[in-house]
Amino acid sequence: MTGIAEALGESAPVDNAARSVTRPFSVYAVLANSLFQRGVFVLFLYERGFSAGQVALLQTLLYLVSGLAELPTGVIADRIGRRASIVIGQVLIAGCLLGQVAFSNYWMFLALFIGQGVGMACVSGSDTALLYDLLVRRGATASYVKIKSRFTMLGTVTSGAAIVLGGQLQRISWGVVYVGSATCLVLAVVVLMSRVPEIRGADAVDEQDGTGEEHGDTTAWRAMLRVATPALVTLVVVSGLMHATLTPYIIFTQKVLSDQGAGTTLVSVVISAGFFVGGLIPLLSDRVDRRIGYRVIVPVSLLTLAAALGLSGLGLVWVTIAAFLMLVGIPEITAVIVDNVFNKAVPSRHRASLLSMIAFVESALIGIGYLVVGTLMDEMGSSVGMATYAAVPLLACLLWLPVLFRRAPVTTEIEKPADQKPS
């Protein structure tokens with residue numbers, strides 16, 4: 001485990017205090033991402049007798065509920081604590097996973113996916129806010145992109161390994177797959193409770209200089225109105241459309257590969273390899289951020305996604321596999337860089353709440369994306385339906401062009417008064 005911690009935090013001039021943050025988060029990342037069902041759960045739902053439309057509805061409900069729950073759970077995280085919100089969410093997700101393997105009725109699955117969506121909302125925003133403000137406390141926010149990229153890498157690579165193992169565990173039973181995932185989430189909660197300190201919104205504000213201005217925003221809504229530049233709002237929408245493309249693409253590639261002749265084992269291996277690629281490539285995030293910047297990498301990622309979806313429509317299994325493995329990692333770089341932009345744009349007092357508002361937009365768009373992709377695949381076939389969905393990232397690219405060429409400001413740098421030196 002020492003090697004993992006070093007991979008996360010010691011490759012740059014990050015002080016010992018920053019490493020004390022990354023070490024427990026690295027253990028948490030391994031356990032929280034040991035979800036053995038992630039690469040084959042669509043096949044599990046099909047074995048339960050659900051159609052592509054029903055699977056899409058479940059995923060749509062999952063992300064829409066998660067999006068709607070983002071707003072109250074973000075406020076709660078700022079009030080009762082970011083760590084407490086994560087603990088509640090992970091325990092709720094674990095319980096829902098156990099329920100999915102215990103029941104087969106579709107209406108019960110609808111209820112379980114609603115509960116899982118609420119759990120996801122509790123974790124979303126809170127984990128990033130907790131990590132970022134722990135770095136604020138230790139004066140290490142300048143290394144956030146590098147630390148977050150390693151955190152993302154560790155979680156994604158773990159997901160890839162868990163998917164491979166999940167494909168093998170499925171040969172024993174689906175129960176082993178889902179119970180194993182739930183157990184790892186509970187262990188992640190134990191690590192978080194024992195090794196990571198709690199931070200509330202007010203705690204984070206009290207640890208920064210120049211907080212008087214931030215205290216003027218008594219509500220998250222007022223803070224959001226103050227920081228919401230047109231370019232930032234556009235970035236939120238475009239980022240949401242990117243995730244609304246990438247997430248269904250990764251999940252429904254399971255179905256596309258299966259329809260193109262790939263067996264369950266090959267599907268799990270390909271999806272796992274995709275997670276490995278998506279985990280390792282974000283290690284380039286810091287370099288890409290310094291040399292290219294988010295303004296350029298955003299349209300590059302969107303065009304990459306459009307190309308991957310289009311190639312999947314050819315109906316050739318090895319072309320689909322090659323496109324998936326070669327192109328799926330680039331948007332992950334963008335996700336890390338854009339996440340840093342969002343953290344810079346919002347005040348610490350309402351960080352979890354404002355990040356949850358942003359996640360609400362992303363979750364809503366992801367949910368709608370699942371419904372659209374599922375409908376297209378049912379009506380046009382999995383390959384053609386996936387290719388048709390390439391219109392979404394192309395639309396997002398068009399929305400971003402005015403920001404790219406006009407170079408409109410995205411952040412207001414509200415957390416750094418003129419006389420305050422960066423961390």
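This is a predicted model, so every value here is computed, not measured.

Describing the overall build of the protein chain
Reasoning step 1: The helix and strand tally for the protein chain stands at 21 helices and 0 strands.
Reasoning step 2: Here the protein chain holds 423 residues, and the buried ones make up 59% of them.
Reasoning step 3: In the protein chain, of all internal contacts separated by at least 6 residues, the share reaching a separation of at least 24 is 86%.
Reasoning step 4: On the protein chain, roughly 16200 Å² of surface is accessible, and the fraction owed to carbon and sulfur atoms is 65%.

Focus on the nonpolar core
If you look at soluble globular proteins, the nonpolar side chains tend to sit buried side by side.
Reasoning step 1: Within the largest apolar cluster, 91 residues are counted, with the highest numbers of intra-cluster contacts made by L45, L58, F342 and W400.
Reasoning step 2: Tallying contributions element by element places helix α13 (residues 230-259) first for this core, with 15 residues.
Reasoning step 3: Inspection of this core shows a minimum of three residues originating in each of domain 1 (18-200) and domain 2 (219-406).
Reasoning step 4: Non-local contacts of L58, meaning those with residues more than four positions away in its chain, are made with L45, F50, Y106, F109, L110 and F113.
Reasoning step 5: Within the second largest apolar cluster, 26 residues are counted, among which are Y28, V136, V189 and V196.

What to know about the packing of helix α8 (residues 144-169) against helix α18 (residues 330-345)
When two helices pack together, you describe them by how their axes are tilted relative to each other and by the distance separating the axes.
Reasoning step 1: Across the interface, α8 lies against α18 with an axial gap of 10 Å and an inter-helix angle of 130 degrees. When the axis of α8 is compared with that of α18, the two are oblique. The two elements α8 and α18 meet at a crossing, and its hand is right-handed. Across the interface between the two elements, Y144, V145, K148, S149 and T152 of α8 pack against V336, D339, N340 and N343 of α18.
Reasoning step 2: Here the residues of the contact of α8 with α18 are counted per class, giving 3 nonpolar, 4 polar and 2 charged.

A look at a nonpolar patch on the surface
Reasoning step 1: A grouping of V233, V237, L395 and L399 is seen on the molecular surface, where their side chains present a nonpolar patch of about 300 Å² in accessible area.
Reasoning step 2: Elements supplying a minimum of two residues to the nonpolar patch: α13 and α21 (391-406).
Reasoning step 3: Here V237 shows up in helix α13.

Digging into the pattern of salt bridges
Reasoning step 1: For the structure shown, the criterion picks out 1 salt bridge.
Reasoning step 2: Close ionic contact of K255 with D259 constitutes a salt bridge, the shortest N to O distance being 3.2 Å. Note that K255 and D259 are positioned in helix α13 at a spacing of 4 residues, about one turn of the helix.

Side note on the side chain of S34
Reasoning step 1: Tracing the backbone shows S34 in the loop between α2 (16-32) and α3 (41-47).
Reasoning step 2: For S34, a relative accessible area of 9% puts it in the buried group.
Reasoning step 3: Setting aside chain neighbours within four positions, we find S34 in contact with T158, A162, S181 and C184.

Focus on the confidence of the model for the protein chain
Reasoning step 1: Of the residues in the protein chain, 82% have a pLDDT of 70 or more, and the chain-wide mean is 78.
Reasoning step 2: A low-confidence stretch, residues 206-216 stays under pLDDT 50, and its non-local contacts, those more than four residues away or across chains, total 21 contacts.
Reasoning step 3: Of the regions scoring below 50 in pLDDT, residues 414-423 engages in 22 contacts with residues more than four places distant in sequence or in other chains.

Concerning the packing of aromatic side chains
The way to describe two aromatic rings as a pair is by their centre distance and the angle between their planes.
Reasoning step 1: Tallied over the full model, the rule gives 10 aromatic pairs.
Reasoning step 2: Linked through ring pairs, F44, F50, Y106, F109, F113, W174 and Y178 together constitute an aromatic cluster.
Reasoning step 3: Across the ring face of Y46, the terminal group of K255 is positioned such that the distance to the ring centre comes to 4.7 Å.

Side note on α8
Reasoning step 1: The first and last C-alpha atoms of α8 sit 36 Å apart over 26 residues, in line with the 38 Å expected at 1.5 Å per residue.
Reasoning step 2: In terms of burial, α8 is largely enclosed, as 21 of its 26 residues are buried.

Points about the side chain of T334
Reasoning step 1: With respect to the helices and strands, T334 occurs in helix α18.
Reasoning step 2: A polar atom in the side chain of T334 sits 2.3 Å from the side chain of S301.
Reasoning step 3: Apart from the residues lying within four places of it in its own chain, the contact partners of T334 are M242, I297, V298 and S301.

Quick look at the environment of I76
Reasoning step 1: You can see I76 is positioned in helix α4 (residues 52-80).
Reasoning step 2: The spacing of I76 and C122 is 46 residues in sequence and 8.8 Å in space, taken between C-alpha atoms.

Looking at helix α9 (residues 174-195)
Reasoning step 1: An ideal rise of 1.5 Å per residue puts 32 Å on 22 residues; α9 measures up with 32 Å between its terminal C-alpha atoms.
Reasoning step 2: Within α9 the residues assigned to the buried category are W174, V177, Y178, G180, S181, A182, C184, L185, A188, V189, V191 and L192.

Some points on the packing of α8 against helix α14 (residues 264-280)
Reasoning step 1: Direction vectors running N to C along α8 and α14 enclose 170 degrees, while the axes themselves pass 7 Å from each other. Taken together, the axes of α8 and α14 are roughly antiparallel relative to one another. Residue-level inspection shows M153, T156, V157, S159, G160, A161, I163, V164, G167 and Q168 of α8 in contact with α14, the latter providing T265, S268, I271, S272, F275, F276, G278, G279 and L280.
Reasoning step 2: The residue inventory of the contact of α8 with α14, partitioned by class, reads 9 nonpolar, 10 polar and no charged.

A closer look at the environment of P393
Reasoning step 1: Summarising the element assignment, P393 is placed in helix α21.
Reasoning step 2: Remark: the alpha-carbon pair of P393 and P299, spanning 94 residues in sequence, is separated by 8.8 Å.
Reasoning step 3: Once residues lying within four places of it in the same chain are set aside, the contact partners of P393 are T245, L302, L305, A306 and L309.

Conventions used here
Residues numbered from 1 in each chain as written. Predicted model: local features only at pLDDT ≥ 70, side-chain atom pairs only at ≥ 80, totals over all residues. Heavy atoms only, no water. Helix = DSSP H or I, 4+ residues; strand = E, 2+ residues; numbered from the N terminus. Buried < 20%, exposed > 50% of the residue type's maximum accessible area, 1.4 Å probe, protein only. Contact = heavy atoms within 4.5 Å. Areas by Shrake-Rupley, 256 points an atom, 1.4 Å probe, with all protein chains shown as cover. Core = buried A, V, L, I, M, F, W, Y, C linked by side-chain atoms within 4.5 Å. Domains from an automatic or database assignment. Axes fitted to C-alpha atoms, helices over the stretch in contact; angles between N-to-C directions. Parallel < 35°, antiparallel > 145°, perpendicular 65-115°, else oblique. Left-handed = near helix turned anticlockwise from the far one by under 90°. Nonpolar A, V, L, I, M, F, W, Y, C, P; charged D, E, K, R; others polar. Patch = residues over 30% accessible without salt bridge, like charges linked within 9 Å, V, L, I, M, F, W, Y side chains within 5 Å. Salt bridge = Lys/Arg side-chain N within 4 Å of Asp/Glu carboxyl O. pLDDT = per-residue confidence, 0-100. Phe/Tyr/Trp six-rings, centres within 6.5 Å; stacked < 30°, edge-to-face > 60°. Lys NZ or Arg CZ within 6 Å of the ring centre and 35° of its normal. Expected span 1.5 Å × (residues − 1). Polar contact = N/O pair within 3.5 Å; in protein donor to acceptor, adjacent residues only side chain to side chain.

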